[in-house]
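Below, each chain spelled out in residue letters.
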Amino acid sequence: MNALSPDTKKKYDLNFARWVYENVDGGDRLSMCMQCGVCSGSCPIGDQMDYGPRKLFMMVRAGMKEAVLKANTMFNCVSCYNCVVRCPRSVPVKYILHGLGRLALQEGYAKPKEVDNSRFADAFWWSVSKYGKTDERLVTAKYYFSAGLSEGIKRGMGNMKIAMGMIKTKRMHLGMPHKTKKQGELKAILAKAVEIQNRNHGEG
Ligand code: SF4
Ligand code: SF4
């Protein structure tokens, strides 16, 4: 991404679309969007987004920079790639969302710790690095309570029925967390993953 980001002080910036075309991965395809809505209609998480991808792209073109960068759309995307494989104009929707999300973080419109997906990713990483696998109970609890005590209790109570169903059908166990064997090898793999990530982000 080019270091020269658009002027985020302004609510509207008619150069925003051009900046996205030129600086966001896959952004050059955004001009091909014909607003058909297949991406939004295919998105399994669309009802959890401030705006679906179709509308967000329309807003980019309209120069609604601030509203775009404040949206949760980019951070709620679960990278299922439905939109990418179904777009009739081969717009790499998910990649463009990713680029917009990075811009929102760089410009301070979103904070990693407040982004739901980031907190879930932290809980997931914690479980995998500690046990070598995802323990549904611990990941869920860690994720829920990362939003604060009252929010954790509220979310936990709200999903109690699902949890009880999972226990009943043996989809979730109540004993000690299971650990994978060969923890040393796992830690070496994860350390390598961190090294690659840091290198890709210019921190290594
Ligand atoms: S599916 Fe493709 S062409 Fe249709 S609205 Fe989404 S990005 Fe645009
Ligand atoms: S990749 Fe993201 S935006 Fe695209 S359909 Fe999946 S969740 Fe929705």
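Only a predicted model underlies this, so the values are computations on that prediction, with no experimental measurement involved. (Residues numbered from 1 in each chain as written. Chains lettered and ligands numbered in written order. Predicted model: local features only at pLDDT ≥ 70, side-chain atom pairs only at ≥ 80, totals over all residues. Heavy atoms only, no water.)

**Structural notes on the pattern of salt bridges**
What counts is decided by this rule: The working definition used for a salt bridge is a side-chain nitrogen of Lys or Arg within 4 Å of a carboxyl oxygen of Asp or Glu. Numbered from the N terminus, helices here are DSSP runs of H or I no shorter than four residues, and strands are runs of E no shorter than two. Burial classes follow relative accessibility: with a 1.4 Å probe on protein chains only, a residue under 20% of its type's maximum area counts as buried, one over 50% as exposed, and anything between as partly exposed.
With the rule as written, the count across this model stands at six salt bridges. Among the ionic pairs, K70 bridges to E66, the shortest N-O distance being 3.6 Å. Of the two residues, K70 and E66 both sit in helix α4 (residues 65-70), four residues apart, roughly one turn of that helix. Judged by relative accessible area, which is 52%, K70 ranks as exposed. Under the relative-accessibility criterion, E66 is labelled buried at 17%. A network of salt bridges, in which partner residues are shared, links E151, K154 and R155.

**So, the nonpolar core**
The line we're drawing: To form a nonpolar core, buried Ala, Val, Leu, Ile, Met, Phe, Trp, Tyr and Cys residues must be joined to one another through side-chain atoms within 4.5 Å. Note on contacts: a residue pair is in contact if any heavy atoms of the two residues lie within 4.5 Å.
Judged by nonpolar contacts, the single largest core of 31 residues is most densely connected at F16, V20, F57, V68 and L100. Elements supplying a minimum of two residues to this core: α1 (16-23), α3 (53-61), α4, α5 (73-76) and α7 (93-106). Among the elements that take part in this core, α7 stands out by supplying six residues, more than any other. For V68, the contacting residues outside a window of four places in its chain are F16, L56, M59, V60, M74 and L100.

**Digging into unusual backbone geometry**
Of note in the backbone geometry, Q35 takes a positive phi value of approximately 60° without being a glycine. By the element assignment, Q35 lies in the loop between α1 and α2 (38-42). According to the relative accessible area criterion, Q35 is partly exposed, its value standing at 24%. Backbone geometry places Y81, a non-glycine residue, at a positive phi of 70°. Take Y81: its relative accessible area is 32%, and that puts it in the partly exposed class.

**What about the side chain of R137?**
Let me state the cut-off plainly: Within 3.5 Å is the distance limit for a polar contact, defined as a pair of N or O atoms, with the added protein rule that one can donate a hydrogen and the other accept it, and that residues adjacent in sequence qualify only through two side-chain atoms.
Along the chain, R137 turns up in helix α9 (residues 136-145). Within polar-contact distance, the side chain of R137 engages the backbone oxygen of L174 at 3.3 Å. Contact partners of R137, with chain neighbours within four places excluded, come to M172, H173, L174, G175, M176 and P177.

**Here we look at the site of ligand 1**
Where we set the bar: One heavy atom within 4 Å of a molecule or strand is enough for the residue carrying it to be called near that molecule or strand. Residue classes follow a fixed rule: Ala, Val, Leu, Ile, Met, Phe, Trp, Tyr, Cys and Pro count as nonpolar, while Asp, Glu, Lys and Arg count as charged, and any other residue, Gly among them, counts as polar.
Inspection of the region around ligand 1 gives 13 residues, with C33, C36, G37, C39 and C87 positioned closest. Taken together, the elements giving at least two residues each to the shell around ligand 1 come down to α2 and α3. Per-class residue counts for the shell around ligand 1 are 10 nonpolar, two polar and one charged.

**Quick look at the site of ligand 2**
In the region of ligand 2, 13 residues are neighbours, and C43, C77, C80, Y81 and C83 sit closest. If you list the elements that add at least two residues to the shell around ligand 2, you get α6 (82-86) and α7. Along the lines of polarity and charge, the residues of the shell around ligand 2 split into 10 nonpolar, two polar and one charged.

**Let's talk about the domain arrangement of the protein**
This is how the line gets drawn: Where each domain starts and ends comes from a domain assignment, either automatic or drawn from a database.
Here the protein is partitioned into domain 1 (14-110) and domain 2 (122-201). A separation of 29 Å is found between the C-alpha centroids of domain 1 and domain 2.

**Some words on the packing of α3 against α7**
Our working definition: Every axis corresponds to a line fitted to the C-alpha atoms, with the helix fit spanning only the stretch in contact, and the corresponding angles, defined between N-to-C directions, vary from 0 to 180 degrees. In this scheme, roughly parallel covers angles under 35 degrees and roughly antiparallel covers those over 145, while 65 to 115 is roughly perpendicular and the rest are oblique. By convention the crossing between two helices is left-handed if the near helix lies anticlockwise of the far one by an angle smaller than a right angle, and right-handed if it lies clockwise.
Here α3 crosses α7 at 55°, and the two axes come no closer than 11 Å. Looking at the two axes, α3 sits oblique to α7. Between α3 and α7 the crossing geometry is left-handed. Across from P53, L56, F57 and V60 in α3, the residues of α7 making contact are V93, I96, L97 and L100. Here the residues of the contact of α3 with α7 are counted per class, giving eight nonpolar, no polar and no charged.

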